[in-house]
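# Examination of the molecular architecture
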Amino acid sequence: PHHGADWPYSRKVIDEQYSFVRFRVKHETSALAGGRLAIWFGRYFGLEGDFWYSPSGVNVSAVGVLSMSVDGIVWGASGRALVRLPLPATPVSFHLLAGVGVLTRNGAAWTGTDSTTDRAIVLGVGARVRITRALSIRVDIENLHSSAAFTDHLYKSTTIPQSQNDIIAGLGVSVAVGRRH
């Protein structure tokens, strides 16, 4: 299991001009919870599946007119390769990770909107501190980079694709099962 925060670095999800009003939708930073499963092939290379859930609030505003927070949810999942950096025998190790993922947005904030699922490229770094042979604490920082375009039923319009970066900072517990490296 792991817990952390979803920090939407590219905060503007929708920023469109309709008649005389500028309509803006922005993700808010929020906590997340999830889990991972990794299989290691030797000491330095592993494959990992990751999933997480974040009750990400969304700020909806008509610029200069009104602003309100609406409930939203962001789900994420990824498959990635991990490369552990070789270090002298210490209880601390560092790793790089790269892979592909998917982000899905739903909840009240996304009612009436299509195209809320996007593919992402995942890049990150992390560290692991071994407590016992089978138990470790793991810290990761990763970026899920995607291109998002949304279709709104009310205005019958699709936004221009925008680069999105969801920075995920996580802290978790790793339990080794089977052969240990």
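Each value, and the rule that gives it
Residues numbered from 1 in each chain as written. Predicted model: local features only at pLDDT ≥ 70, side-chain atom pairs only at ≥ 80, totals over all residues. Heavy atoms only, no water. Helix = DSSP H or I, 4+ residues; strand = E, 2+ residues; numbered from the N terminus. Buried < 20%, exposed > 50% of the residue type's maximum accessible area, 1.4 Å probe, protein only. Contact = heavy atoms within 4.5 Å. Areas by Shrake-Rupley, 256 points an atom, 1.4 Å probe, with all protein chains shown as cover. Salt bridge = Lys/Arg side-chain N within 4 Å of Asp/Glu carboxyl O. Patch = residues over 30% accessible without salt bridge, like charges linked within 9 Å, V, L, I, M, F, W, Y side chains within 5 Å. Pairing = 2+ DSSP bridges. Axes fitted to C-alpha atoms, helices over the stretch in contact; angles between N-to-C directions. Core = buried A, V, L, I, M, F, W, Y, C linked by side-chain atoms within 4.5 Å.

### A word on the overall build of the chain
- For the chain, the helix and strand inventory stands at zero helices and 15 strands.
- The buried share of the chain, taken over its 181 residues, is 38%.
- Long-range contacts, defined here as pairs at least 24 residues apart, represent 60% of the contacts in the chain between residues at least 6 apart.
- By element, 66% of the accessible surface of the chain is carried by carbon and sulfur atoms, the whole surface being about 9,900 Å².

### Here's the deal with the pattern of salt bridges
- Within the structure shown, the criterion is met by ten salt bridges.
- For Glu 48, the salt bridge is made with Arg 138, and the minimal N-O distance between the two is 2.7 Å. Highlighted residues: Glu 48 in strand β5 (residues 45–54) and Arg 138 in strand β12 (residues 135–148), separated in sequence by 90 residues. Arg 138 carries the same exposure label as Glu 48, and that label is buried.
- Taking the shortest distance from any N to any O, the salt bridge between Arg 138 and Asp 140 comes out at 2.6 Å. Summarising the burial analysis for this pair, Arg 138 and Asp 140 share the class buried.
- Ionic contacts of the salt-bridge type, sharing partners, join the residues Arg 36, Glu 48, Asp 50, Arg 80, Arg 138, Asp 140 and Glu 142 into one network.

### So, a nonpolar patch on the surface
- The grouping of Ile 39, Phe 41, Phe 45, Leu 47, Val 83, Leu 85, Leu 87, Phe 94, Leu 96, Val 125 and Ile 141 at the surface amounts to a nonpolar patch, some 960 Å² of accessible area in total.
- Where the nonpolar patch is concerned, the elements lending two or more residues are β5 and β9 (92–106).
- Here Ile 39 is to be found in strand β4 (residues 30–40).

### Observations regarding the sheet that holds β12
- Taken together, eight strands build a closed barrel; the order of strands is β1-β4-β5-β8-β9-β11-β12-β15 and the barrel is antiparallel. Adjacent strand axes in the sheet meet at a mean angle of 25° when their direction is disregarded.
- Bridge count between β4 and β5: eight bridges; the pairing is antiparallel. Bridge pairing in β5 places Trp 40 opposite Gly 46.

### Looking at the nonpolar core
- Leu 32, Trp 52, Val 74, Leu 82, Leu 97, Leu 103, Ala 120, Val 122, Leu 144 and Ile 168 together form the largest nonpolar core, which totals ten residues.
- Formed by five residues, the second largest nonpolar core is a distinct cluster that contains Val 60, Val 70, Ala 109 and Trp 110.

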